[in-house]
Structures are given as C-alpha cells and as structure tokens.
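Chain and residue survey
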Amino acid sequence: FFPRHVAPRPDNEHQRAQRVADLHLTDPVVNPEYEDITEAVQRLTDVPMVLITVMNEDRQVVQGCIGFQEADTERENSICQHLLTGDTAAALVVEDLREHPVLKYNPVVEAEGGLRFYCGVPIVIDECRVGSLCVVDVVPWTAWPSYNVSVLIHFSELVAVQMAKKDPHGLLKYATVVVRIEEEGWPVEYAGQSARDAGFAVGQRLDAAVPVDEQLVWAGDQYGPTVVVQERYVCLIRGVEGTSVLGGGGDVGTSDRVRFITLVDRAGTQDSEEQAAKEEQGAEEGQ
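Residues numbered from 1 in each chain as written. Predicted model: local features only at pLDDT ≥ 70, side-chain atom pairs only at ≥ 80, totals over all residues. Heavy atoms only, no water.

1. With respect to the overall build of the chain
Within the chain, the secondary structure is distributed over six helices and 14 strands. Sorting the 287 residues of the chain into buried and exposed places 46% on the buried side. Within the chain, residue pairs in contact and separated by at least 24 positions form 59% of the contacts whose partners lie at least 6 positions apart. As displayed, the chain offers around 14,700 Å² of accessible surface, 49% of which is attributable to carbon and sulfur atoms. (Helix = DSSP H or I, 4+ residues; strand = E, 2+ residues; numbered from the N terminus. Buried < 20%, exposed > 50% of the residue type's maximum accessible area, 1.4 Å probe, protein only. Contact = heavy atoms within 4.5 Å. Areas by Shrake-Rupley, 256 points an atom, 1.4 Å probe, with all protein chains shown as cover.)

2. Quick notes on the confidence of the model for the chain
Where the model shows low pLDDT, its predicted coordinates should not be examined in detail. Taken as a whole, the chain shows an average pLDDT of 74; of its residues, 64% reach a score of 70 or greater. In this model, residues 268-273 is a region of pLDDT below 50 whose contacts with residues beyond four sequence positions or in other chains number two contacts. (pLDDT = per-residue confidence, 0-100.)

3. Some remarks on the side chain of Ser 78
With respect to the secondary-structure elements, Ser 78 resides in the loop between β3 (73-74) and β4 (91-94). Within the structure, Ser 78 has its side chain in polar contact with the backbone oxygen of Arg 75 (distance 2.8 Å). Discounting chain neighbours no more than four positions away, the residues touching Ser 78 are Met 55, Gln 60, Thr 73 and Asn 106. (Polar contact = N/O pair within 3.5 Å; in protein donor to acceptor, adjacent residues only side chain to side chain.)

4. Considerations on the packing of aromatic side chains
Taken as a whole, this structure holds four aromatic pairs when the rule is applied. With a centroid separation of 5.2 Å and an interplanar angle of 85 degrees, the aromatic rings of Trp 141 and Trp 144 are classed as edge-to-face. When its relative accessible area of 10% is taken as the criterion, Trp 144 is described as buried. Taking 5.3 Å as the distance between ring centres and 85 degrees as the angle between the ring planes, the aromatic pair formed by Phe 155 and Tyr 190 counts as edge-to-face. Of the two residues, Phe 155 is situated in helix α4 (residues 146-164) and Tyr 190 in strand β8 (residues 188-191); the sequence distance between them amounts to 35 residues. Take Phe 155 and Tyr 190: they sit in the same class, and that class is buried. Put simply, the rings of Phe 117, Trp 141 and Trp 144 pair up and form one aromatic cluster. (Phe/Tyr/Trp six-rings, centres within 6.5 Å; stacked < 30°, edge-to-face > 60°.)

5. Re the pattern of salt bridges
On inspection of all chains with the given rule, the structure shows eight salt bridges. Among the ionic pairs, Glu 13 bridges to Arg 75, the shortest N-O distance being 2.8 Å. Placement of the pair is Glu 13 in helix α1 (residues 13-22) and Arg 75 in the loop between β3 and β4, with a sequence separation of 62 residues. Using a relative accessible area of 10% as the deciding quantity, one classes Glu 13 as buried. (Salt bridge = Lys/Arg side-chain N within 4 Å of Asp/Glu carboxyl O.)

Below, the structure written as structure tokens:
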C-alpha cells in the first residue's frame, strides 16, 4: 500500500538513480553558483522560497536553497518526486496545493503553516531527471505567469550543467547574463562566472555597457535572435516557446519581462571556427 501522495517510480528509475550515484549528486556541496541562481530566481519570480534538489532512491537532498530551512526529506514526502516521470520539458504548477486531488495529502501540505503553492521543473542530465528546481510559498497563488516557468526552465539548464560538469551547449564557457527587460536599462539579475569575468555584475544596467535602442538589427539563427554587442561579443537572446505545463494549462511563451543572454566572445568563436575548418580540411585531404 502506498499513500495517495506518493508518485509511481519512473520507468528508467534504475538508470536515473545510477546517474545520480555516478555523479555523486547527493554528496554535500558548496557551489556559489547555486546560491547565485536561487537568489536570481527569487528576485525574478517574487516567490520567497527557492530550492535546488536531487532525488536518490529514497531521499530528496537539498543542494541549494533560499528562504527555506535547508533539510533533506524522505522521497515519498516530497512534492518534487512527481517531476521524475513524464515529458522532460514539462513543469508542474499547482497554485493551491490544498486543492490538488493528490498533493493535498502530502505531509508538507497538511502540516500547520504548510506549503500552499508549488512550481517546479526537472533538472535533466543525459535524459534522466535527477532532481528539480522549484519555487514554493505558504500562501496560494492565482494567475501564475507562464514566463516564470520559462525562468525556471532556463535556470534548470544551468544547474544541470553545473551538476554534470559538462557543457555541451556552452552555457558556462560563454558568458550567461539574465536581464529584466521590463525595467529601463535592462538591469542584470544574474551573471554567471564567465560573465563576471567579462565585467558584468548583478545590478548593472546593460545599457551602461551596450547600446539598447530600437535600431538594433535582429537576425535569426539556430540559437534564436542575435545582436552584436560592442565589438567583442555576439549576443544570443534565448526564449522558451510551446513548453507543456502540467497542472497549469496552456503553453509557456517567451517572457516579456526577462531575457537569457549568452555573450559569445567573437574572437574565441572565430578561433574555434578556424580550427574546425582546418580539421575538416585535413580530414578531406586524408581521404
């Protein structure tokens, strides 16, 4: 017999748990990037509690949090367990946990002063859902904006890169900056280590470093719209479109408030392209 709030194990549970073990994801860590990410998510979503968690076979381990008393819990008593199955792009949004037919039975909801709101997205490594990035509150929310899901999805990708210690899309190699475009000057809400090395800082307004006006020329490529920033960087503006939201209905559109920007060093990109061209030419000559 399983309590009503316990989620079924995913079909790939053995592979998923093995990936968590192989990467030592439940070991205690001190990662400043996790702190930066949770603080940025808190500011951008206006939700007081943010958690980065990893799920092994029987426990949920908190690897980063803000506004929440850091504590591990049994897997069957976590809400994030429900993110381990299903579409890897999906999010779970529950505006009032006490009204949810399953989650209202969870001990963290039933407790006095328990959780009332939850929005979480999976952290995916090698097609395995190893954990979650979530925001929670002790009061219910109504009309949860879909662009906040976009924020969580993008930051979950950054967390996955940190955990896996590999970066196939260059999220750490290049300078990742998150700006709030609804405010004048595009203030920076998050700057990864490479971005900080490039001179960007949280609180800095992007128009102090680059011109932001209506005359920018946009061009689409495989990464999305692009624009040249100064002479050194190419700026890749990222958005999320058509992502399924479990429990919330509808789709996630590109945020009208926030942009995730990857600043690619033009010199480094050109060097890489030249090296790739030489390797390709050498391979052709060797045939």
